[in-house]
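Observations on the three-dimensional arrangement
Take a look at the letters that make up each chain.
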Amino acid sequence: MSVSPLIAQLIEALRCLPGVGPKSAQRMAFQILERDRDGGRRLAAALVEAVERIGHCRDCRTLTEAEVCVLCSRAGRDRSLLCVVESPADVQAVEQSTGFQGLYFVLMGHLSPLDGIGPEELGLDQLAARLDQGEVREMILATNPTVEGEATAHYLGEMARARGIRATRIAHGVPLGGELEYIDGGTLSHAFAGRREL
Amino acid sequence: MSTSLSLLPAFVLHSRPYRDTSLLLEVFSAGQGRVGLVARGARTSRSRQRGLLQPFQPLLLSWSARGELGTLTAVEAAGAPLSLRGHALYSGFYVNELLVRLLHRNDPHPELYPVYGETLTGLMQASEPEPVLRRFELRLLELLGYGLQLERDCAGAELDPESRYDYRPEEGAVPLAPTGQARGVAISGHSLLALRSECLDDAQVCRDARRLTRAALDPHLGAAPLKTRAVLRQLVKVR
């Protein structure tokens, strides 16, 4: 490489980010070095602090630096509703666009038998313990509408049923503003199976 | 050498993330057997392929192959997805893992493709997945050239439903004295004969069949245990 070893190291390090290839990494590195060293310092400090201090919430397992995350510790959330999602990004998506007022549980993945990821690997005993506390009355299964997501939802549903807790699955269907003609068959057949009375 | 294939019937067996936005698919296709394909850009939010590239969805796939991995060029649905639920779904994962583990890439296995389709339909319709799985395992063993010897015992004599046998995958059914210890799988003649005619309705026969197919499959699976088996054991516990 024609750049000095330290610059090469920076470029290489930046490539751990998604969507960053050698070209973009080089642009980022030169931007920081030529024009924004302060920004670079802030980025470095924030990165170090985040990586060192952020762990998982004791209750919902989402990413947080506190022992219990903001949502779990907020008074006024409905503690009888528990929404189960696959990733911290899903928590944000549900928070931003629905009026959901309950609590979350983040699986950090889904059941994937072919990859050897089963209930134990997902740490579902923690969820079982949460359900056993008796606070939760309804568990909303918001895993992704993939085959693995369905397998996960089914398993969680059985867990809830064994404890007499109501389990509901989020609906899948035609996106708003979509046109039936262009929707894939799987979604349309789901939408039909899940139709409801007007 | 590069080949391109157009709209072959196929199923996705397994997929995993590849690079930033792509998927690496294990596909079982009619005519080409198991192939590895890269679906470029299938994980972007605009991709229309991702919804289709799910296991148990009959597909028509086009790809171009150069070396071991092919590149997916077109995807179409070839019918409604087979809606496997609950235990049938987990069984479907098990069938997929068997194929991923036992088939070599690009080995065509033309007879196996319809068997796979029938197995998935069977899992969807049957109340109990076990007999469907055993029938699939028996067919799979046969088509891979490891078929069970269920015609006669190792000495060429007719199987006796009243006798007990020691079934060894490499030798076949060896008559077993009432007090003898089996080196392979101890099994009754009755169960062996029922397996020959694929009558798996009896619970005892089904359990025996499970031990037998497992002993026959294990040597070909190598050292690593089947991951779906371990996961299935945990899944069944909750019921």
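Our subject is the structure that appears above.
Anyway, here's the lowdown on the structure attached to this text. (Residues numbered from 1 in each chain as written. Chains lettered and ligands numbered in written order. Predicted model: local features only at pLDDT ≥ 70, side-chain atom pairs only at ≥ 80, totals over all residues. Heavy atoms only, no water.)

**Focus on the interface of chain B and chain A**
This is how the line gets drawn: What makes two residues a contact is simply this: any of their non-hydrogen atoms within 4.5 Å. Buried area is understood as the total, over both parts, of accessible area removed when two parts are fitted together, assessed with a 1.4 Å probe. The salt bridge criterion pairs a side-chain nitrogen of Lys or Arg with a carboxyl oxygen of Asp or Glu, the two atoms within 4 Å. A run of H or I in DSSP counts as a helix once it spans at least four residues, and a run of E counts as a strand once it spans at least two, with each numbered from the N terminus.
With 24 residues of chain B at the interface, the matching set in chain A holds 25 residues. Across the chain B to chain A interface the summed buried area is about 2100 Å²; carbon plus sulfur atoms make up 65%. At the junction of chain B and chain A, the tally comes to zero salt bridges. Of all the secondary structure elements, the ones that give two or more residues to the side of chain B that touches chain A are β1 (2-18), α1 (87-102) and α6 (227-237) of chain B.

**What to know about a nonpolar patch on the surface**
All names here are of chain A. Worth spelling out the cut-off: Residues qualify for a patch when their relative accessible area is over 30% and they have no salt bridge, like charges being joined within 9 Å and the nonpolar side chains of Val, Leu, Ile, Met, Phe, Trp and Tyr within 5 Å. Using a 1.4 Å probe, the Shrake-Rupley method yields the accessible areas, and only the shown protein chains count as cover for residues. The buried label applies to any residue whose accessible area, calculated with a 1.4 Å probe on protein chains only, is under 20% of its type's maximum; exposed applies above 50%, and partly exposed to all values in between.
On the surface, Leu43, Leu47 and Val51 cluster together to form a nonpolar patch covering roughly 290 Å² of accessible area. The residue Val51 is located in helix α3 (residues 37-53) in this model. Relative accessible area serves as the criterion here: at 63%, Val51 is assigned to the exposed category.

**Concerning the environment of Glu52 of chain A**
All names here are of chain A. Summarising the element assignment, Glu52 is placed in helix α3. Classification of Glu52 by relative accessible area gives exposed; the value is 63%. Remark: the alpha-carbon pair of Glu52 and Glu65, spanning 13 residues in sequence, is separated by 9.2 Å.

**Looking at the packing of helix α1 (residues 5-14) of chain A against helix α2 (residues 22-35) of chain A**
Describing two packed helices takes the angle between their axes plus the distance from one axis to the other. Residue and element names in this part refer to chain A. Here is the rule: Lines are fitted to the C-alpha atoms to define the axes, a helix being fitted only along its stretch in contact, and any angle between axes, read from their N-to-C directions, falls within 0 to 180 degrees. Any angle that is under 35 degrees is reported as roughly parallel, and any over 145 degrees as roughly antiparallel; angles of 65 to 115 degrees are reported as roughly perpendicular and all others as oblique. The crossing is said to be left-handed when, going from far helix to near helix, the turn is anticlockwise and less than a right angle, and right-handed when the turn is clockwise. Asp, Glu, Lys and Arg are counted as charged, while Ala, Val, Leu, Ile, Met, Phe, Trp, Tyr, Cys and Pro are counted as nonpolar; the rest, among them Gly, fall into the polar class.
Taken N-terminus to C-terminus, the directions of α1 and α2 make an angle of 125 degrees; their axes are 8 Å apart at the nearest point. Here α2 runs oblique to α1, going by the angle between their axes. The two elements α1 and α2 meet at a crossing, and its hand is right-handed. Across from Ile7, Leu10, Ile11 and Leu14 in α1, the residues of α2 making contact are Pro22, Ala25, Gln26, Met28, Ala29, Phe30 and Leu33. Partitioning the contact of α1 with α2 into residue classes produces ten nonpolar, one polar and no charged.

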